[in-house]
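These are the residues of each chain, in order.
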Amino acid sequence: MKVEKFKVLLYLKKSGLDKSGKAPIMGRITVNRTMAQFSCKLSCTPGLWNPRESRLNGKSREAVETNAKIDKLLLDINAAFDSLLERKGEFDAASVKDAFQGSMKTQMTLMKMLDALRDEVKSRIGIDRAKGTYPAYDFTCRTMREFIETKFKTKDLAFGQLTEQFIHDYENFILDEKGYAVDTVRHYLAILKKACKRAYQEGHSERFMFQHYVLPKQTVKTPKALCRESFEKIRDVEIAPHRTTHRLARDLFLFACYTGVAYSDAVTVTRENLYTGEDGKLKYRRKKNELRASVKLLPEAVALIEKYHDDSRDTLFPMIHYPSMRNHMKTLAVLAGIKENLCYHVGRHSFASLVTLEAGVPIETISSMLGHSNIQTTQVYARVTPKKLFEDMDRLIKATGDLKLVL
């Protein structure tokens, strides 16, 4: 359809003053030779109205709030017009009126879609979603709602109002104004991308906004693991008998080094997860992703379990809350005289590299013991140490020693 004229005019209906003396604001849409009138569902003091600008004069509270609503209204009308134009069909002024008046009531909006995704994840916790997945969706909804209210002075936007620039503006908002890290921003944008993709697939959006947008690259960091010298210092450090929680923190950390069990699992696994016998194993479902992890227990790990054996307690180890655990690990680093930034999860990294990979355990086996869903995650955790690299090269040289190079 060829559009020769598109115009939106706002005016006051001075003959319909309400009890407070305010006049209703009306509108008229013109498309080519067709016109359609509508009520803006707004009113203002007649003396503040500027007919040339279709806005209120001044910076009073009434003027600021009403002008913001007018901007939102004009944004909705233009979005409805653009949507009809993209369909390349015949339409008139009444079609634009029906489209924008129904857009926020009948169409799926951005916040409705994000809220639906968040509620969907919440309902799937314990089935095929881990509890730790939910906060990212919840914080995405919060930051997006704050961004929309800050930039557009409204609580929601229809998908027809969005452009690819909207993505960049949201990215800058959470990077610069909120001060979040790039990896956090990438996570929020991935959820926004998922919402836009579903809206496009379900017909709520005329286009997929992320078609030409590339998510920021994820920062790949080599996990920190202890060297053997630092590990032995922590293992052998002398702790005063009265510091019982410090001793417990040290032993839980060593248990992580010997088994790769994360903190949330170490303080909750019970004797039901323990399989004794010659081939002693620990089998449990990880709290992070509900996947099963299985690890053969080293004698050192068995000794730690027996050290804290108590039939009156369901769990293998006494409970120590994570803030206390974090503080005690800092104290242990000082007592052991090591400079590494020590936290419980370093023990899991040390198991993946120092205890298993350097001992020649295959990466596939380590992945199963750690309870990873993707072996690529294990490849990041279990870093290839220089010692392992040189040992592998020595095996290669020995295996190829009888080969002769023929040119």
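Above this note sits the structure.
In what follows, the accompanying structure is described. (Residues numbered from 1 in each chain as written. Predicted model: local features only at pLDDT ≥ 70, side-chain atom pairs only at ≥ 80, totals over all residues. Heavy atoms only, no water.)

Remarks on the overall build of the protein
Then, in step 1: Looking only at helices and strands, the protein features 15 helices and eight strands.
Then, in step 2: With 407 residues in all, the protein has 42% of them scored as buried.
Then, in step 3: In the protein, once contacts between residues fewer than 6 apart in sequence are set aside, the share between residues at least 24 apart is 59%.
Then, in step 4: As displayed, the protein offers around 23,500 Å² of accessible surface, 51% of which is attributable to carbon and sulfur atoms. (Helix = DSSP H or I, 4+ residues; strand = E, 2+ residues; numbered from the N terminus. Buried < 20%, exposed > 50% of the residue type's maximum accessible area, 1.4 Å probe, protein only. Contact = heavy atoms within 4.5 Å. Areas by Shrake-Rupley, 256 points an atom, 1.4 Å probe, with all protein chains shown as cover.)

Observations regarding the pairing of strand E8 (residues 292-296)
Then, in step 1: Residues Ala293 and Val295 line the buried face of E8, whereas the alternating positions Arg292, Ser294 and Lys296 sit on a face that is not buried.
Then, in step 2: Of the strand pairs in this sheet, strand E7 (residues 281-285) and E8 are connected by five bridges, and their pairing is antiparallel. Paired with tyrosine 284 across the two strands is alanine 293, which belongs to E8. (Pairing = 2+ DSSP bridges.)

Section: the nonpolar core
If you look at soluble globular proteins, the nonpolar side chains tend to sit buried side by side.
Then, in step 1: The biggest cluster of nonpolar side chains holds 48 residues, and the ones touching the most others in it are Leu252, Phe253, Phe255, Leu282, Phe317, Met325 and Leu342.
Then, in step 2: No other element matches helix H8 (residues 244-259), which puts nine residues into this core.
Then, in step 3: Setting aside anything within four residues of it in sequence, one finds phenylalanine 253 in contact with Leu226, Ile234, Met325, Met329, Leu342, Cys343, Tyr344, Val346 and Gly347.
Then, in step 4: Counting residues in hydrophobic clusters, the runner-up holds 33 residues, among them Ala136, Ile174, Ala195 and Ala199. (Core = buried A, V, L, I, M, F, W, Y, C linked by side-chain atoms within 4.5 Å.)

Details of the pattern of salt bridges
Then, in step 1: For the structure shown, the criterion picks out 18 salt bridges.
Then, in step 2: Two residues, arginine 118 and aspartate 119, come together in a salt bridge whose shortest N-O distance is 3.4 Å.
Then, in step 3: Among the salt bridges present, the one from aspartate 236 reaches arginine 235, with a minimum N-O distance of 3.0 Å.
Then, in step 4: Aspartate 236 gets classed as partly exposed once you look at its relative accessible area, which sits at 46%.
Then, in step 5: Classification of arginine 235 as partly exposed rests on a relative accessible area of 35%.
Then, in step 6: Here the salt bridges share partners, and the residues they tie into one network are Asp115, Arg118, Asp119, Asp138, Arg142 and Arg145. (Salt bridge = Lys/Arg side-chain N within 4 Å of Asp/Glu carboxyl O.)

Notes on unusual backbone geometry
Then, in step 1: Even without being a glycine, asparagine 32 presents a positive backbone phi close to 55°.
Then, in step 2: Inspection of the secondary structure assignment puts asparagine 32 in the loop between strand E2 (23-31) and strand E3 (34-44).
Then, in step 3: Residue asparagine 32 is classed as partly exposed on the basis of its relative accessible area of 24%.

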